[in-house]
Amino acid sequence: MGLEILRPGLLTTVQDLGRHGLQHVGLCPGGAMDPAALALANALVGNEPGEAALEITVLGPELRFRREALVALGGADFDTTLPHNRPVLVAAGTQISIGRAKRGARAYLAVAGGIAVEPVLGSRSTFLPGRFGGLEGRHLRRGDVVPLVPGCSALSRKRFATLRHRRGRSVPWWAPALTVPDREPVLIHVMDGAHLADFDAAVQRVFFDTVWRVAPDSNRMGFRLSGPQLARQAGNEILSGPTCLGTVQVPAGGTPIALMADHQTTGGYPKIAEIVSADMPRLAQLAPGGTVHFTRCSLETAAELRRDARVRLDAVLRGIAWECAG
Amino acid sequence: MQRLALAVHEAHSQWVRDVVPALGGLALHFDPAFEGNVPDAAAELVTRCIKEGLPSSKAVGRDVEVPVCYDIEFGFDLAELSHKLKLPPEEIARRHAAGTYRVLMVGFAPGHPYMSGLDAALAVPRRATPRAVVPAGSVAIANEQSVIYPYAISGGWSVVGRTPLQVFNAHRPEPSLLQAGDRVRFRPIPREDFGNWA
């Protein structure tokens, strides 16, 4: 029972919500770049929010389902015949081609029951730098067969049958994509970084006034932001300190880097800003070439934004759960 | 720092997912679902740990022996170091292996230890141009520290030898060979023994 990969796409990996509790030995949590979109896709097929799914990046894969399966594509809008943000019961032998991202950069293909790769250190997420997790610790290749849970077809039919509203092999409604930006530049809230004061006032203004562009050499570890170079005042040597998802650090060259899901756990570069956790999924939806603009906020505002995002996601997940419990 | 990190870790706060000691600070990573005030909760936790008394430094870390082969094939920067430090390669290896090291933090890559305790006579700045790829297990030095590269990654430290041990293996119950606070000694091994560890 599996999902055949006929064409892998640009970067298709197995991801869940990552592995926590190991940052002290240098291992970042990793996991889905847009956990909200992952939760959405999972809810649509009746899975728990953190079940493993395929993370699809910018250019999607072509796949064949050997058996009937309930699937959902959540997150970015891709050029494909598979409807977005809806549960779809695909027939055995169905081939699905997912083309380019039209809006956003990352989508999650969830299957009822999840992706059945073995967990490593408590997670099925692929950690590319360490070459473990997911399918053999790597991105998918042509000819791979992604394992699905035993009895996936029966589970899929059962879950599809309990949907309150059905039309053909799908439903007449769709869930809202919560994290896919409508327009650019995307506005991202940041708190002051530990070393913001190491940059003089003019440089700080440049950081907040610039519309930054995600550079082509950006990846799951970090987004390099092209724009003006940020010179730091000659000053204190910085001891290697802890970093976090969303830390914006400025290496000697002056090009800021926003740390993403597979980031390093410590770093010796000055930290100019910390992106609020509520905005990380929206940043993750930017493809190389996408633009972003930063606005300063307090820790209290960051907490409010986090609660708001949680409430919005929970409301959508509850709505989906209601539709699924017919 | 290590003592505080251990105390906070052992406090098992349900909202703290990660406790990360680093050279420039201690990080507490909170679960984003935490509804309370993060700085207050962090301050309360740290204050409580200090009040209750931190574990002794003896309780922090383990003694770990790491076999290292200082053959010139593995320690490919020994020749350049020998020139810079005006010491023969054997003497650099001897002095490197004679020290007792303390793991200050594990970071940069999974399992990658930063260790203090390098003989001051071996202190050299980082190489001007980092190597694109340093092989896994490479033992390297810069300033007054030593590191071990867990994977083949790029790095700017001068390589003096290689350990046959796996520094990080996600499939082990204890994935990282070393943790912050560990006391490390390097034991020189001959080239012909290197393969026996794998």
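Use the structure listed above.
Here the residue numbers are simple positions, counted from 1 along each chain's written sequence. Think of it this way: whatever chain is written first is A, whatever ligand is written first is 1, and the rest follow in order. Totals for whole chains, interfaces and linings use all residues, but because this is a predicted model, local features are given only for residues with pLDDT of at least 70 and pairs of side-chain atoms are given and counted only at 80 or more.

J.: Can you explain the overall build of chain A? Please cite residues and give values.
T.: Along its length, chain A carries five helices and 17 strands. Radius of gyration here is computed from C-alpha atoms only, and the compact-globule reference equals 2.2 Å multiplied by the residue count raised to the power 0.38. Whereas a compact globule of 326 residues would reach a radius of gyration of roughly 20 Å, chain A reaches 20 Å, a difference of no more than 12%. Here the contacts in chain A between residues at least 6 apart in sequence split such that 77% fall between residues at least 24 apart. In DSSP terms, a helix is any run of H or I states spanning at least four residues, a strand is any run of E spanning at least two, and both are numbered starting from the N terminus. Once C-beta atoms are placed from the backbone, any two residues with those atoms within 7 Å are in contact.

J.: Hey, could you go over helix 1 (residues 2–10) of chain B for me, with residue numbers and the actual values?
T.: We call a residue exposed when 12 or fewer other C-beta atoms sit within 10 Å of its C-beta, buried when the count reaches 20 or more, and partly exposed for counts in between; the C-beta positions come from the backbone. Those residues of helix 1 of chain B that fall on the buried side of the exposure criterion are B:Gln2, B:Ala5, B:Leu6, B:Ala7 and B:Val8. With its phi angle positive at about 50°, B:His12 sits one or two positions after the end of helix 1 of chain B.

J.: Can you lay out the interface of chain B and chain A for me, pointing to particular residues and giving the numbers?
T.: Tallying the contact residues gives 28 residues for chain B and 24 residues for chain A. Secondary-structure elements contributing two or more residues to the side of chain B that touches chain A are strand 1 (16–22), strand 2 (25–30) and strand 4 (100–106) of chain B. For the side of chain B that touches chain A, the leading source of residues is strand 1 of chain B, giving six residues. Nonpolar residues are Ala, Val, Leu, Ile, Met, Phe, Trp, Tyr, Cys and Pro. Charged residues are Asp, Glu, Lys and Arg, and all others, Gly as well, are polar. Looking at side-chain class alone, the side of chain B that touches chain A contains 17 nonpolar, nine polar and two charged residues.

J.: Lay out the nonpolar core with the relevant residues and their values.
T.: Linking buried Ala, Val, Leu, Ile, Met, Phe, Trp, Tyr and Cys residues through C-beta atoms within 7 Å yields a set, and such a set is a nonpolar core. In terms of nonpolar packing, the biggest core is built from 89 residues, with A:Ala41, A:Val71, A:Tyr108, A:Leu109 and A:Ala110 touching the most fellow members. Per-element tally for this core: the top contributor is strand 7 (residues 95–111) of chain A, with nine residues. Residues from two domains meet in this core; each of domain 1 (2–177) and domain 2 (186–308) of chain A gives at least three. Not counting residues within four places of it along the chain, the set of residues in contact with A:Tyr108 comprises A:Ala32, A:Ala37, A:Leu38, A:Ala41, A:Ala53, A:Leu54, A:Glu55, A:Gly74 and A:Gly75. A:Leu27, B:Ala22, B:Met115 and B:Ala140 belong to the second largest nonpolar core, which has 55 residues in total. Those domain boundaries reflect an automatic or database domain assignment.

J.: Tell me what's going on with the sheet that holds strand 3 (residues 63–68) of chain B, and back it up with residues and numbers.
T.: All names here are of chain B. Two strands are said to pair when DSSP picks up at least two bridges between them. Overall, mixed pairing links the seven strands, which are arranged 3-11-4-5-8-7-10 in an open sheet. The open sheet is flanked by strand 3 and strand 10 (158–162), the only strands paired with a single partner. Averaged over all adjacent pairs, the angle separating strand axes in this sheet is 35°, with direction ignored. Pairing of strand 7 (residues 138–142) with strand 8 (residues 145–148) involves four bridges; the strand directions are antiparallel. Within strand 8, the residue paired with Ala-140 across the bridge is Val-147. The strands touched by helix 4 (residues 89–98) within the sheet are strand 3, strand 7, strand 10 and strand 11 (183–188), with strand 11 carrying the most contacts at an inclination of about 145°. Where helices are involved, their axes are fitted lines through C-alpha atoms of the stretch in contact, as for all axes, and angles between N-to-C directions lie from 0 to 180°.

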